[in-house]
Amino acid sequence: MDKYFGEVANALPTGVRLRLERVHQKHGSLRVDAMADGAVEQSVQLALDKAEILADSRSYRYCETCGKLGSLRNKHWLYVACEAHADGSPPLPPDEGGISLYGVAYEYDEGLDDLVVVARDDEATD
């Protein structure tokens, strides 16, 4: 969450506040529902959307109990745990699905801790 709020602070113009609707868990990952309190340029909205997706992607990698490196697990529900808190459940791959914003497809690069462009809609028509 610290990284998320840092990214939001860097994206928002002076005087624009963030309206945080809710923070919750869904399918084993962190979800943040927030928006700028007022109209912002598309580049600002893109940065806010990316910050939410990065928070979600990062949450698949850290134990929700202790914060150490972990993996998605399934034991009647999806959760993220390190080996010590896995309660015998084997690791699953992160379920990040396709990430698309404003006609651009992204994927999370764990080494860069960032979203990287996979394809653009205009490239599909070339």
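Residues numbered from 1 in each chain as written. Predicted model: local features only at pLDDT ≥ 70, side-chain atom pairs only at ≥ 80, totals over all residues. Heavy atoms only, no water.

Observations regarding helix H1 (residues 2-11)
Within H1, burial applies to Tyr4, Val8 and Ala11. For H1, the buried positions fall inside an angular range of 65° around the axis, keeping them on one side. Opposite the buried face of H1, at more than 90 degrees from it, the exposed residues are Asp2, Ala9 and Asn10. (Buried < 20%, exposed > 50% of the residue type's maximum accessible area, 1.4 Å probe, protein only. Helix = DSSP H or I, 4+ residues; strand = E, 2+ residues; numbered from the N terminus. Arc of directions from axis to C-beta.)

Some words on the sheet that holds strand S5 (residues 99-101)
Strand order in the open sheet formed by three strands is S5-S6-S7, and the pairing between neighbours is antiparallel. Because the sheet does not close on itself, it has two edges, and the strands there are S5 and strand S7 (114-120). Between one strand and the next, the sheet's axes are offset by a mean angle of 40°, whatever the strand orientation. The pairing of S5 with strand S6 (residues 104-109) spans three bridges and is classified as antiparallel. Of the residues in S6, the one forming a bridge with Leu101 is Val104. (Pairing = 2+ DSSP bridges. Axes fitted to C-alpha atoms, helices over the stretch in contact; angles between N-to-C directions.)

What about the pattern of salt bridges?
Counted according to the given criterion, the structure contains 10 salt bridges. Across the salt bridge formed by Lys3 and Asp113, the nearest N and O atoms sit 2.9 Å from each other. Residue Lys3 is located in helix H1, and its partner Asp113 is located in the loop between S6 and S7; the two are separated by 110 residues in the primary sequence. One salt bridge connects Glu7 with Arg58, and the closest N-O pair in it is separated by 2.8 Å. Of this pair, Glu7 sits in helix H1 while Arg58 sits in helix H2 (residues 42-59); the two residues are 51 residues apart in sequence, bridging distant segments of the chain. Judged by relative accessible area, Glu7 falls into the partly exposed class, the value being 25%. Of the residues examined, Arg58 reaches a relative accessible area of 10% and is grouped as buried. Each of the salt bridges in this network shares a partner with another, and the network as a whole consists of Lys3, Glu7, Arg58 and Asp113. (Salt bridge = Lys/Arg side-chain N within 4 Å of Asp/Glu carboxyl O.)

These values are about where atoms sit, not about what they do.
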